[in-house]
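Read off the chains here:
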Amino acid sequence: MEFYPMSRLIVISNRVSAGGGAAGGLAVALSAGLRENGGIWFGWSGERIDEFTGQINFRIEDGVRTATVDLEDQDIEEYYNGFANRTLWPLFHYRIDLAEYERSFAGGYRRANERFADTVLPLIEPEDHVWVQDYHMLPLGSELRARGVTNRIGFFLHIPWPPRRLLVTLPEVRELVETLFAYDLIGFHTREWLDSFADFVVHELGGAISDDDVATWNGQRLKLLVCPAGIDAAEFKALSESETARRTCIRVRESAVGRALIVGVDRLDYSKGLEERFQGYERFLSEHPEERKEVVLLQIAPPSRGAVESYQQIRTRLEGLAGKINGAHAALDWVPIRYVNQAYGRDVLAGVYRASRIGLVTPLRDGMNLVAKEYVAAQDPSDPGVLILSRFAGAAEEMTEAVLVNPHSAEEISDAIRTALAMPLAERISRWERLMEKVQQQDVMWWLHRFTAALSAVELHGERANPLPLIESDEGHEVA
């Protein structure tokens, strides 16, 4: 794919992670895009203020200009903890049993997005391209249009788009989806998520979808794009060969005392399938007693969203389940599960991945899951581990050489662990080489350039093709 230079970029997201750092992943690409094209990364600072003022905090971080605002407690509770993480997150991950529908949440979500739009508006120059990130800011494009912004605006959804039959349980869903037609381009990780969105447009809004994935409704056109996110494969491979990773790998392998290490690294979240993973591992221990003392599961699960009750509950249940399994199966010289509730640097995690025989990535539903790709990138080419991957992670659409499982089935997880442990070296290498080729080809910069090139190429229509007199046309930036 050939890439072209584009306009200055305005990245807008709930949180700002310029430079990557410990966060890594997509922050690396967005920072790189801002360094390449110039621009600003705008979002919430993560800090609170007694009363919202709209005061912008400007910084330069790793060559990237950032602009952040503080939110008041009511915004944080209703917009972030409320509608974003107690309504949209569970719903979009198919957990309508956990979704909470409160009018105050929806009102706070709209208010926060209005405040973001008011605050970022003076920072947007006539030919900037605006790129909004994720479910926290679904209506932001509409709010910007209402304030006269005629720039190209793209949106990327980092989580799944749920089926229509689930989505219609959201009281405000029609109005919310209609606001998305304010964007010029929406990107999804997978064809499945794009098709689910298209299905809603056709059957709930009465719109249409063309063969080239352009949605039309109410005289508006919206380009849809499948654009799976990747990792900085070269950087993560280098991390796995760093001194910190090397020492970590040695230390972890020594602590396993010759046993095969199975590793899971997930944010503590009900979408990650951690309880089901533990149950599948317990099934393996019960069905294969001869293997019991030959393996150990290291589960790293940093806590998140501690203010949300469902996250407090999952932590309690997991601690109880880990204790139950260890109590039933442990011996004097062996504990089957090491359960760790803290975060580690990416170089340390790279060493943990390389030390393991199996990477267990079994979310119940995930937009992509970049841990699966990091696991592959960290492996020793001469003796790689085996990736066991949920069929319901977005990554499964690309990473077909992994051992794919239904994470709801303890039997399938148990069988997959057995298969991975018995897999000959030649097959492990063959699977890894094909996986690594994909991880390298569709890396995070590929994702960045694919989306921004599509945004530059999108065809403008109607009044926006001939903007207001004080705003210059973007037509000169279209991709040939």
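Keep in mind that this is a model prediction, so the values were computed, not measured. (Residues numbered from 1 in each chain as written. Predicted model: local features only at pLDDT ≥ 70, side-chain atom pairs only at ≥ 80, totals over all residues. Heavy atoms only, no water.)

(A) Quick peek at the pairing of strand 10 (residues 220-226). One ladder, built from four bridges, connects strand 7 (residues 185-188) with strand 10; its direction is parallel. When the sheet's bridge partners are listed, isoleucine 186 is paired in strand 10 with leucine 224. Examined bridge by bridge, strand 9 (residues 214-217) and strand 10 share four bridges and lie antiparallel to one another. What sits directly across from tryptophan 217, in strand 10, is glutamine 220. With antiparallel pairing between neighbouring strands as the criterion, strand 9 and strand 10 make up a hairpin whose turn holds two residues, including asparagine 218 at a positive phi of roughly 55°. (Pairing = 2+ DSSP bridges. Helix = DSSP H or I, 4+ residues; strand = E, 2+ residues; numbered from the N terminus.)

(B) Representation of the sheet that holds strand 5 (residues 129-133) within the structure. The sheet built from ten strands is open, its strands ordered 3-4-2-1-5-6-7-10-9-8 with mixed pairing. On the outer flanks of this sheet lie strand 3 (57-61) and strand 8 (208-209), each paired with one strand and no other. Strands strand 1 (9-15), strand 2 (39-48), strand 4 (64-71) and strand 5 of the sheet are contacted by helix 1 (residues 26-37), whose axis makes an angle of about 135° with strand 2. (Contact = heavy atoms within 4.5 Å. Axes fitted to C-alpha atoms, helices over the stretch in contact; angles between N-to-C directions.)

(C) Structural view of the packing of helix 2 (residues 73-92) against helix 3 (residues 103-120). Two elements in contact, helix 2 and helix 3, have axes separated by 8 Å at closest approach and are oriented at 115°. Crossing handedness for the pair helix 2 and helix 3: left-handed. The segment helix 2 lies against helix 3, with Gln74, Asp75, Glu78, Tyr79, Gly82, Phe83, Arg86, Thr87 and Leu88 engaging Ser104, Phe105, Ala106, Gly108, Tyr109, Arg111, Ala112, Asn113, Arg115 and Phe116. Classifying every residue of the contact of helix 2 with helix 3 gives eight nonpolar, six polar and five charged. (Left-handed = near helix turned anticlockwise from the far one by under 90°. Nonpolar A, V, L, I, M, F, W, Y, C, P; charged D, E, K, R; others polar.)

(D) Geometry of the pattern of salt bridges. Tallied over the entire structure, the rule returns 41 salt bridges. Salt-bridge contacts for arginine 59 lead to glutamate 61; the nearest nitrogen and oxygen are separated by 3.8 Å. The exposure class of glutamate 61 is partly exposed, given its relative accessible area of 23%. Note that aspartate 333 is salt-bridged to lysine 293, the shortest N-O span being 3.9 Å. You can see aspartate 333 sitting in the loop between helix 11 (309-329) and strand 13 (337-340) and its partner lysine 293 sitting in the loop between helix 10 (274-287) and strand 12 (295-300), a full 40 residues away along the chain. (Salt bridge = Lys/Arg side-chain N within 4 Å of Asp/Glu carboxyl O. Buried < 20%, exposed > 50% of the residue type's maximum accessible area, 1.4 Å probe, protein only.)

(E) Expanded view of the packing of helix 1 against helix 16 (residues 444-457). Two numbers describe how helix 1 lies on helix 16: the axes approach to 9 Å, and their chain directions differ by 55°. Between helix 1 and helix 16, the interaxial angle falls into the category oblique. Here the hand of the crossing between helix 1 and helix 16 comes out right-handed. Contacts between helix 1 and helix 16 pair Leu26, Ala29, Leu30, Ala32, Gly33 and Glu36 from the former with Val444, Met445, Trp447, Leu448 and His449 from the latter. Residues that form the contact of helix 1 with helix 16 fall into these classes: eight nonpolar, two polar and one charged. (Parallel < 35°, antiparallel > 145°, perpendicular 65-115°, else oblique.)

(F) A look at helix 3. Counted at 1.5 Å a residue, the expected span for helix 3 with its 18 residues is 26 Å, and the 26 Å between its end C-alpha atoms agrees. Those residues of helix 3 lying buried are Phe105, Ala106, Gly108, Tyr109, Ala112, Asn113, Arg115, Phe116, Ala117, Thr119 and Val120. Next to the buried residues of helix 3 lie strand 1, strand 2, strand 4, helix 2, helix 4 (140-146) and helix 6 (173-179). (Expected span 1.5 Å × (residues − 1).)

(G) Examining the pairing of strand 9 more closely. Here strand 8 runs beside strand 9; their pairing, made up of two bridges, is antiparallel. Residue alanine 208 lies in a different strand from strand 9, and its bridge partner there is threonine 216. Adjacent in sequence and paired antiparallel, strand 8 and strand 9 are bridged by four residues, among which aspartate 213 carries a positive phi angle near 65°.

(H) Highlighting helix 15 (residues 425-441). The end-to-end C-alpha separation of helix 15 is 24 Å, in line with the 24 Å expected for 17 residues at 1.5 Å each. Residues Arg428, Trp432, Leu435, Met436 and Val439 constitute the buried set of helix 15. Along the axis of helix 15, the buried residues cluster in a sector spanning 105°; they form a single face. Opposite the buried face of helix 15, by more than 90 degrees, sit the exposed residues Ala426 and Gln441. Lining the buried residues of helix 15 we find helix 8 (233-240), helix 13 (371-377) and strand 15 (386-390). (Arc of directions from axis to C-beta.)

(I) How the structure looks around empty space enclosed by the protein. Tallied over the entire structure, the rule returns two cavities of 30 Å³ or more. Approximately 80 Å³ is the volume found for the largest cavity. Together, Tyr375, Val376, Gln379, Gly385, Val386, Leu387, Glu401, Ala402, Arg428, Arg431, Trp432 and Leu435 line the largest cavity. When residues in the lining of the largest cavity are grouped by element, the largest group, four residues, is from helix 15. Here the lining of the largest cavity is composed, by residue class, of seven nonpolar, two polar and three charged. (1 Å grid on protein atoms, 1.4 Å probe; cavity = no way out; pocket = protein on both sides within 12 Å on 5 of 7 lines; lining within 4 Å. Points joined across faces, edges and corners; volume = space filled by probe spheres on them.)

(J) Layout of the confidence of the model for the protein chain. When pLDDT is averaged along the protein chain, the result is 91, and 92% of the positions lie at 70 or above. In the predicted structure, residues 1-5 sits below a pLDDT of 50 and forms six contacts with residues beyond four places in sequence or in another chain. Across residues 465-480, where pLDDT falls below 50, the model places 32 contacts with residues more than four positions away in sequence or in other chains. (pLDDT = per-residue confidence, 0-100.)

(K) Spatial organisation of the sheet that holds strand 11 (residues 260-265). Taken together, six strands build an open sheet; the order of strands is 13-12-11-14-15-16 and the sheet is parallel. The two strands at the open ends of the sheet, each matched to only one other strand, are strand 13 and strand 16 (403-405). The mean angle between the axes of side-by-side strands here comes to 20°, regardless of whether they run parallel or antiparallel. Where strand 15 and strand 16 come together, three bridges link them in parallel fashion. Counted as the bridge partner of leucine 389 is leucine 404 from strand 16. Relative to the sheet, helix 14 (residues 410-422) contacts strand 11, strand 12, strand 14 (358-361), strand 15 and strand 16, its axis offset from that of strand 15 by approximately 165°.

(L) Focus on the packing of aromatic side chains. Inspection of the entire model under this criterion finds 18 aromatic pairs. Taking the centre distance of 5.6 Å and the plane angle of 70° together, the rings of tyrosine 79 and phenylalanine 116 count as edge-to-face. Here phenylalanine 116 lies in helix 3 and tyrosine 79 lies in helix 2, a separation of 37 residues in the sequence. Each of the two residues, tyrosine 79 as well as phenylalanine 116, counts as buried. Each ring, one from phenylalanine 155 and one from tyrosine 183, has its centre 5.2 Å from the other, and the planes form 40°; the classification is tilted. Of this pair, phenylalanine 155 sits in strand 6 (residues 153-156) while tyrosine 183 sits in the loop between helix 6 and strand 7, and the two are 28 residues apart along the sequence. The two residues phenylalanine 155 and tyrosine 183 agree in class, both being buried. (Phe/Tyr/Trp six-rings, centres within 6.5 Å; stacked < 30°, edge-to-face > 60°.)

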